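# Understanding the architecture of this molecule
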Amino acid sequence: MTLSRRTFLAGTSASLGAGLVATAPAAQTAEAATPAPQVLRAATASLQLAPSGYPATGILAYNDAAPGPQIRMKQGERLSRRLENGLDQATSIHWHGMRLPNAMDGVPGMTQPAVAPGAGFDYDFTLKDAGTFWYHSHNKSWEQVARGLHGPLIVEEPEGAPDVDAEELLVLDDWRLRDDASLDPDYANIHDSSHAGRVGNLITVNAKYDLQARASSGDRLRLRIINASNARIFQLALKGLEGWVVAYDGMPLETPGRIENAIPLAPAQRVDMIVDVTADAGGEAFLIGLERNEGFALTTFKVGEGRRARRDAAPAPLPPNPLPQMTRVMVDAAPVQKLNMSGGAMRALRRAVYKGRNMTGQVLMDEGQFWAFNGMVGMSDKPLAQVARGETLRIPIVNDTVFAHAMHLHGHHFRERLPDGGFGPWRDTLLIAPSETREIAFVADNPGDWMFHCHMLSHQAAGMATWVRVSA
């Protein structure tokens, strides 16, 4: 594997330069909880994304920061934030991975009205779960998230925090820049919508293309990693580091899993790792992204003299979150609602229902719609499934397309039902490969109407969205 600090250039000029790496910049200070709502103001901003010598890039940001302000609170505390819309278009905030009241979920037209320019909206809810989460726009998200409207939400364990020397929060993203370092404004690009989604040509971590961190040989670190990109699937590996996965999508594993192979991280997914620095003092350690059998540095750790002897024992599991009980007996007896994905390039829709009308594939293409769930394009009047509160539901997902899709369920976490009847880890977003069938199961313990969609955001805009109703 060859290491290089470079960007991946996807279909645009290579003149943009090379290099990508970052850790949290000093300006990313945590916000403390206060009784009155703190403000998250969405507005235009300017940021130096490309290397020195290129102009700054005009983006959208919360409080002029990219990523947005780090919100760091403790499990059980109450989050209160006021969104102020300084944009020239409507917006909202979705608190990704949060099990919260339906009215706080941030989905315009479903849980709240879109927040008009100059208007505001107050979000207020209790943080049920500890873990690594994030917040992002959910109105025109394929554009607003691509332009920078997202930030990290870290909920700390009130007790039982892992024994580590330091923590790094790493928000992975990519940006599609033109030669003048401005964002490519074609957010409804037909090719993106019908293929793999909007993949950028400059990869950043915490909005920095080449930033380094420091660690000491023998240190044990907690890495909180968030994929905030619109469509890029990162393949993560380690060099000069050894470690374990301790949580996916904010939910702790019952037993930490040793990292021996690359870890795929789809858009919207998170992974928490605890890693030991095995590189010698004076050397470097890396969080690596793999693509086309090459490795590139996502984060570079400059390694200093060790402060303590290296730990050899695996870390203890993180304290579990208060998730609903879900047994094999419950799942085996649960109702089943199949979801069949179809469409996209090379398997184009022939017909599907959109806005209540049965349309030909050509008419759908003219409408900018390329994907369907069970023959339905986009949000329909009827839910995919309606279940009573406390009921368990199984959803086999058939990917009858030639592209991967990251399916995200709002308001709940689920587990994959494996072929042997066992369960995968708790997640809120599942990556489903082309021509693959995977099944999820969850206890519908949170009443309301909950969106279920592909988090390749161009796919969501082009038809891959539905919803589940949980009656009170």
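In what follows, the structure referred to is the one given above.
Report on the accompanying structure. (Residues numbered from 1 in each chain as written. Predicted model: local features only at pLDDT ≥ 70, side-chain atom pairs only at ≥ 80, totals over all residues. Heavy atoms only, no water.)

## Details of the pairing of strand S10 (residues 166-175)
Burial within S10 is extensive, with eight of its ten residues counted as buried. As paired elements, S10 and strand S13 (residues 220-227) share seven bridges and run parallel to each other. Residue pairing across strands places Leu-172 opposite Asn-227, the latter belonging to S13. Relative to strand S11 (residues 202-205), S10 runs antiparallel, the two sharing four bridges. In the sheet register, Asp-174 faces S11, and the bridge partner there is Ile-203. (Buried < 20%, exposed > 50% of the residue type's maximum accessible area, 1.4 Å probe, protein only. Helix = DSSP H or I, 4+ residues; strand = E, 2+ residues; numbered from the N terminus. Pairing = 2+ DSSP bridges.)

## Let's talk about the packing of aromatic side chains
Tallied over the full model, the rule gives six aromatic pairs. For the pair Trp-95 and Phe-125, a centre-to-centre distance of 5.6 Å together with 65° between the ring planes defines the contact as edge-to-face. Residue Trp-95 is located in strand S6 (residues 93-96), and its partner Phe-125 is located in strand S7 (residues 120-126); the two are separated by 30 residues in the primary sequence. You'll find Trp-95 and Phe-125 in the same group, each marked buried. (Phe/Tyr/Trp six-rings, centres within 6.5 Å; stacked < 30°, edge-to-face > 60°.)

## Focus on unusual backbone geometry
Between Ala-66 and the following residue, Pro-67, the backbone shows a cis peptide bond with an omega angle of -10°. Structurally, the position occupied by Pro-67 is in the loop between strand S3 (57-62) and strand S4 (71-74). A positive phi angle, close to 70°, is found at Ala-181, a residue other than glycine. Since its relative accessible area comes to 0%, Ala-181 is described here as buried. The backbone of Ala-268 shows a phi angle near 85°, a positive value even though the residue is not glycine. With respect to the helices and strands, the residue Ala-268 is situated in the loop between strand S17 (263-265) and strand S18 (270-277).

## Thoughts on the sheet that holds strand S28 (residues 405-409)
Strand order in the open sheet formed by five strands is S26-S34-S33-S28-S31, with mixed pairing between adjacent strands. Of all strands in the sheet, those with a lone pairing partner are strand S26 (385-388) and strand S31 (429-432), marking the two edges. Neighbour to neighbour, the strand axes of the sheet diverge by 20° on average, direction disregarded. Pairing of S26 with strand S34 (residues 465-471) involves four bridges; the strand directions are parallel. The partner of Gln-386 across the bridge, within S34, is Arg-469. (Axes fitted to C-alpha atoms, helices over the stretch in contact; angles between N-to-C directions.)

## Concerning the nonpolar core
A general trend in soluble globular proteins is that nonpolar side chains are found buried together. With 64 residues, the main nonpolar core has Trp-95, Met-98, Phe-125, Leu-153, Ile-395 and Phe-452 as its most contacted residues. Sorting elements by how many residues they give to this core places strand S32 (residues 437-444) first, with five residues. Beyond its immediate sequence surroundings of up to four residues, Phe-452 is in contact with Leu-339, Phe-373, Leu-384, Ile-395, Ile-397, Met-407, His-408, Leu-409, Ile-440, Ala-465, Thr-466 and Trp-467. Within the second largest apolar cluster, 29 residues are counted, among which are Leu-265, Val-277, Ala-279 and Phe-301. (Core = buried A, V, L, I, M, F, W, Y, C linked by side-chain atoms within 4.5 Å. Contact = heavy atoms within 4.5 Å.)

## Regarding the sheet that holds strand S5 (residues 78-85)
Reading across the sheet, the four strands line up as S3-S2-S5-S7 and stay open at both edges, with mixed pairing between neighbours. Since the sheet does not close on itself, it has two edges, and those belong to S3 and S7, each with one partner. Within this sheet the neighbouring strands show an average axis-to-axis angle of 20°, counted without direction. With seven bridges connecting them, S5 and S7 associate as antiparallel partners. Looking at the pairing, Arg-81 lines up with Tyr-123 of S7.

## Points about the side chain of Thr-132
The residue Thr-132 is located in strand S8 (residues 131-137) in this model. Take Thr-132: its relative accessible area is 0%, and that puts it in the buried class. Within polar-contact distance, the side chain of Thr-132 engages the side chain of Arg-224 at 2.9 Å. Those residues in contact with Thr-132 that sit more than four places away from it in its chain are Leu-153, Ile-154, Arg-224, Ile-226, Asp-249, Gly-250, Arg-270 and Asp-272. (Polar contact = N/O pair within 3.5 Å; in protein donor to acceptor, adjacent residues only side chain to side chain.)

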